[in-house]
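Read off the chains here:
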Amino acid sequence: MSHHSSLFDSDSIRRVRPPKNKIGTSTKHDSAISHVMGTATYVDDILKPQGTLHLAIGKSIHAHARVLSMDFSAVRAVDGVIDVITFKDIPAKTDIGPVFDGDPLMVDKVTEYVGQTLFVVVATSHRAAKKATLKAKIEYEPLPAILTIEEALKQSQFVRPSHFMTRGDSQAAIDSASTRIAGHIHMLGQEHFYLEGQVSYVVPYDDGGLEVYTSSQHPSEVQQLVAEVIDLPFHAVTTVVRRMGGGFGGKETQAAAWACLCGIVAKRHNVPVSMRLDRQDDMVVTGKRHEFANRYDVGVNDEGQVLGVDMQLAGLCGYSPDLSDAIVDRAMFHCDNAYYYPAAQIAGHRCKTHTVSNTAYRGFGGPQGLLTAEYMMDHIAYTLGKDPLQVRLANLYKDGQSTHYGQPIEHFDLVTIMQTLADDNEYDKRRQQVTAANKKAAAEGSDKRWGLALTPVKFGISFTVQHLNQAGALVHIYTDGSIQINHGGTEMGQGLYVKIAQIVANEFDVDVDTVKVTATRTDKVPNTSPTAASSGTDINGKAAQNACITVKQRLIEFAAEHFDVIKEEIRFERNHVHIADKNILTFAELVLLAYQHRISLSSTGYYKTPKIFYDRSKSWGRPFFYFALGASCSEVEIDILTGEYKVLRCDILHDVGQSINPAIDIGQIEGGFVQGMGWLTAEELIWDKKGKLASNGAANYKIPTAHDLPKQWSVKLFDRKNEEQTIYNSKAVGEPPFMLAASVWCAINNAIASVGDYKKNPELTMPATPEAVLKSVMRLQGQAWEILERIDTDTVESLTSVDDNCGIDDDRVQPQQVPHSKDIHLPATEGTLMDEQPEAIQDPNVSTARGPAHGE
C-alpha cells in the first residue's frame, strides 16, 4: 500500500539528523531552480490547444470625451478577426469595481482616461488582434478634463468623501508653540513594472463552467467578477494561480478585467481564450501608486518635539474609487510614522482626475504618509539648527502612548533598533566627518557634497478592511507520509510557498521536501483574501498550522488508543513518531497504520486575526494587530553642478520577529528597499497636458539597476520574537522594508541642505532625480532655474509650428502648492460616478500553471 520514494532520504538517515529546513533556516525558494532554468510555468506559458482565441483592446485616445460612434467594418475585415465586442455585449454585470461601483468593464458612452477600453477584438492570434484594433474609426466629442490634484481640489472633485482623524485641539497647540513651521511635499506615483505583465487564459468546461488561469493576487475576486459579468453562480468558475512574475499590488484588483473579457468570449464562442498585455499597453491602461500632494502645519517646542500638527494628504486617485478609500486611509494612519503627535488634525482627500484609476502598490499609501512625516522632521531640524536624528529620537513614541487614531503603542523596540544601528555604524562620528567634508568642499569650491540620514519605519500589519483578515487552508497526508498543503495565499516570487511548507513540516517535525504546496485554487480553499497588506504568511501560515494541528491530534488520539499509552507519551521527532518506550515508527508507517484503521488524514484549517477593530465614524480603534519596525542609515554623495548622486553606503536593521526563513526575509528587505529607492530617486511618471502617459516603456521609465545599489550595503535582522501570537512569533516582511528607502531620500535632502549651511529645509520633490536635485540646489542658492535668454528663437519655434497644448509639463519637479484642508468645501460624492467608464481590458491579471496553491 505504501512506497518509499527514492526522492527522500532513507529512514535510517532521517532518524539520526534533524529534519531538513525547519523554520528558522534559510531554505531556498521552492521555485528557485525553475526560475533560474527558465522552466517555471506562468500563465502565458501554458500550452494552448488549436482553436484558442486571442484578445486585444481598442483604447480611448482622449482623457475625457463622449463617444459618438464606433465603426468596426475595417476591423472585421482583417485576416484572423473572429469577432468584436463592446459594452452592449457584456451579458450581465457591467461594473467590476472591487469595493464601490465606478469601474465599467468597457466604455458605454463616456471615456474617462486615455487608454480606457472601448472595444475588444477577438482573433486567431495575438498579433492579428493587435493589428486589427488600429483599424477602428471612433468619433469623439472631447469634454473638459481634470488632470492634476490641484485642479481636483479647486473643483471639489473626489471619488469618495474625504475623511478626517482628530485628536485634541491641534490649532491651539500650534498657536501656542514656540516655533511654528509650515511646509508641503509633492510625490509622484510609481509604475509596478512586474516582470510578467497582465495576462489571463480561460477554458470553458463541458458543464457550462469556466476555469480561469490568471496572474492575480486575488483569485476569489477574479472568480466572483468573472461569474457576475457572465451571469454564472460562483461555483461554476474556478480560478487557478500557481505563480506570478511579480505583483506588488498591481495585480490585486486590476487583474480582473482581463479575466472577465476572456470569460465573456469563452462563453460566447465556447473555446479557450487567451489575453496578454504588451508592456507599453500594460503601463498605459493599469493604475499606479497614488501621486500625493501633502501639506503640514506644525508647532514644536525648543527641543523640536511636536506639540500639534495639522496635516492634509491629497491623493490622485484617477477616474474611479478602486481601492483609493483604503489607500488614503492608510496614508493617514501612517502620517505619524514613528512619532507621537499629542494633538493632530489629519485630512485625507481622494481626488478624482481623468487619468487611469490608481491602485494598490507595496505599502498601500503608507509610504506617502510616512515620507511626509520624515520631511517634516527634517524641516523641524533645519529650522532649529539640530541634527535630524536628534529630532527624530526626541519625537519617537513611547510604550503606553497611543496613535492619533487611538491604537495603543506596545512592545515598541524602535528606540533600541535606532540606537543600535547608530552605534554600530558610528553615526555621530560620521555626521561630524560629513559636516567637516562639506565645509571643506565649500571652501575649496568643490562641486561634491555629502549627506547622511538615519530614519525609522513603523508599519501597521493587517488589512484595514476587517473582514479580509481571515484565511483558509487544506492539508492532505498520503499513506507514504508525503503531505500536500493548499492555502489562499498567492506566490508572487516573495517566498510565501516555501514558508508555508516549512510551517507544515515543522508541525509534524518532518523534512520540508516531503511537503508540497499546490497552486491556489478557489475550488480547494474558497473565499480567499488577497495576498496583500503583508499578511500572506501571517494569516495563511496560521490557517495551515491549524489544519495540521487537527490532523496531528487525530493521529495522536489513534496512536494512544492503538498502543495503549497516554497521549502525552507520543511525540513527533526527526521524521519519526515515538510511542512512549514501546515503539518508534516512521511518520509514514504511522500514517499508513492510521489509514488502515480508518482515521481521516485530511483537514481544513482556518484563522482570523484577533484584537483588530476600527470605528471609521469616530476615526478611532485598533486597525493593526501589531507594528513592523525597522531603521536604515544611508550616506550619499551629490554633485551640486549636475544634480547627479551616488548612494555610498546603507546599513539596515529590520525587525521580522522570529524569522521563519532568514534568507527569504533578507531578500525581501533588500528588494523592498531597492524598489523604494527607485520610487524616491529615479522612477518618474510623466503625463502630457492632455492626460497621455509619456513614460510608457522601459526606454523612458527608469527603474533601479544593479549599478544603483549602495556601494557598501549591510542588512541585519533584529533578533527578537514578536510579542503578539503570530505564526511562530514572526513578523510580516513584505511592505515595511519599502519605506527603509526614506533614509536615501533624506540623505540627499541633507546633502542639499549643506549648501545652505543646514539652516533651511530644501524644496526637494519625489522622485529626487538629478534634475530635481539640481533644481533644489539652485533654489537654495537663490538662482533662477529658467533660462532667461532665448537663444536661436527661430530655430526652436520652427520645431513645432503650432502649440497644441499637449507638451510635457515644463517643471513637474516644482513643488505644487495646493489648498489646505480648511479651505476646501467637501460635498457628498457618493453616487456621482455613474457616467465614468473604466479603461480597456488590456492588462489581464492571470497566474500560471495548474499547480501549487496561493491566494491573497
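Numbering of residues begins from 1 in every chain and follows the order in which that chain's sequence is written. Local features in a predicted model are, by the rule used here, given only for residues with pLDDT of at least 70; side-chain atom pairs are given and counted only at 80 or more, and totals for whole chains, interfaces and linings are based on all residues. Excluded from the side-chain calculations are hydrogens and water; all other atoms, namely the structure's heavy atoms, are used.

**Q** Is there a simple way to think about the overall build of the chain in this case?
**A** Only DSSP runs of H or I reaching four residues or more are called helices, and only runs of E reaching two or more are called strands; each is numbered from the N terminus. For the chain, the helix and strand inventory stands at 21 helices and 29 strands. Each residue's exposure class comes from its accessible area (1.4 Å probe, protein chains only) as a fraction of the maximum for that residue type: buried when under 20%, exposed when over 50%, partly exposed otherwise. For the chain, buried positions account for 63% of its 856 residues. In the chain, 82% of the contacts between residues at least 6 apart in sequence involve partners at least 24 apart. Residue-level accessible areas treat just the shown protein chains as cover; the underlying method is Shrake-Rupley with a 1.4 Å probe. For the chain, the computed accessible surface area is about 32,000 Å², with 51% contributed by carbon and sulfur atoms. Note on contacts: a residue pair is in contact if any heavy atoms of the two residues lie within 4.5 Å.

**Q** Could you clarify how one ought to interpret unusual backbone geometry in this entry?
**A** The bulk of non-glycine residues show a negative phi, and the bulk of peptide bonds are trans. Residues Met766 and Pro767 are joined by a peptide bond in cis, for which omega reads 10°. Inspection of the secondary structure assignment puts Pro767 in the loop between α19 (742-753) and α20 (770-780). One non-glycine residue with positive phi stands out, namely Asn270, at about 55°. Relative accessible area serves as the criterion here: at 55%, Asn270 is assigned to the exposed category.

**Q** Looking at this model, I keep getting lost on the sheet that holds strand β18 (residues 483-487). Mind explaining?
**A** Backbone-to-backbone hydrogen bonds join strands into a sheet, with any given pair of strands oriented parallel or antiparallel. The strand order across the open sheet formed by four strands is β19-β18-β17-β24, and the pairing between neighbours is mixed. Edge positions in the sheet fall to β19 (515-517) and β24 (602-608), since each of these pairs with one other strand and no more. Ignoring strand direction, the axes of neighbouring strands in this sheet form an average angle of 20°. As a rule, the C-alpha atoms of each element are fitted with a line to give its axis, helices using only the stretch in contact, and angles between N-to-C directions run from 0 to 180 degrees. Of the strands in this sheet, β17 (470-477), β18 and β19 are in contact with helix α15 (residues 496-508), which crosses β18 at around 130°. Paired strands, as defined in this entry, are two strands with at least two bridges between them according to DSSP.

**Q** Quick question: what am I supposed to make of the nonpolar core here?
**A** Among soluble globular proteins, nonpolar side chains are generally buried collectively. We define a nonpolar core as any set of buried Ala, Val, Leu, Ile, Met, Phe, Trp, Tyr and Cys residues linked to one another through side-chain atoms lying within 4.5 Å. Judged by nonpolar contacts, the single largest core of 152 residues is most densely connected at Phe508, Phe587 and Trp745. Ranked by the residues each element gives to this core, the list is headed by helix α16 (residues 536-563), at twelve residues. Not counting residues up to four positions away in its chain, the partners in contact with Phe508 are Ile477, Ile483, Cys548, Val551, Lys552, Leu555, Phe572 and Phe587. Ranked by size, the runner-up nonpolar core spans 38 residues in total, among them Leu53, Met106, Ala257 and Val284.

**Q** Help me understand the environment of His404, please; the structure alone is not making it clear to me.
**A** Within the element layout of this structure, His404 appears in the loop between α12 (388-395) and α13 (414-424). When its relative accessible area of 1% is taken as the criterion, His404 is described as buried. Residues His404 and Met165, 239 residues apart in the sequence, show an inter-C-alpha distance of 7.2 Å. Within the local environment of His404, its side chain forms a polar contact with the backbone oxygen of Met332, the two atoms lying 2.9 Å apart. N or O atoms within 3.5 Å of each other form a polar contact, as long as, within protein, one can give a hydrogen and the other can take it, and as long as residues adjacent in sequence are counted only when both atoms are side-chain atoms.

**Q** Would you take a moment to explain the confidence of the model for the chain for this structure?
**A** Keep in mind that low pLDDT regions are not for reading the predicted coordinates in detail. Scored by pLDDT, the chain has a mean of 92; 90% of the residues are at 70 or more. Note on residues 809-813: pLDDT is under 50 here. Beyond four places in sequence and across chains, it has 16 contacts. The quantity known as pLDDT measures the predictor's confidence residue by residue, on a range of 0 to 100. Ignoring residues within four places in sequence, the model shows residues 821-856, a span with pLDDT below 50, making 229 contacts including any to other chains.

**Q** So what exactly am I meant to see when it comes to the sheet that holds strand β13 (residues 291-300) here?
**A** The five strands lie next to each other as β7-β15-β14-β13-β8, forming an open sheet whose pairing is mixed. Edge positions in the open sheet fall to β7 (158-167) and β8 (179-187), since each of these has one partner strand only. Strand-to-strand, the axes of this sheet are offset by a mean angle of 10°, without reference to chain direction. Here β7 runs beside strand β15 (residues 344-352); their pairing, made up of seven bridges, is antiparallel. What sits directly across from Arg167, in β15, is Ala344.

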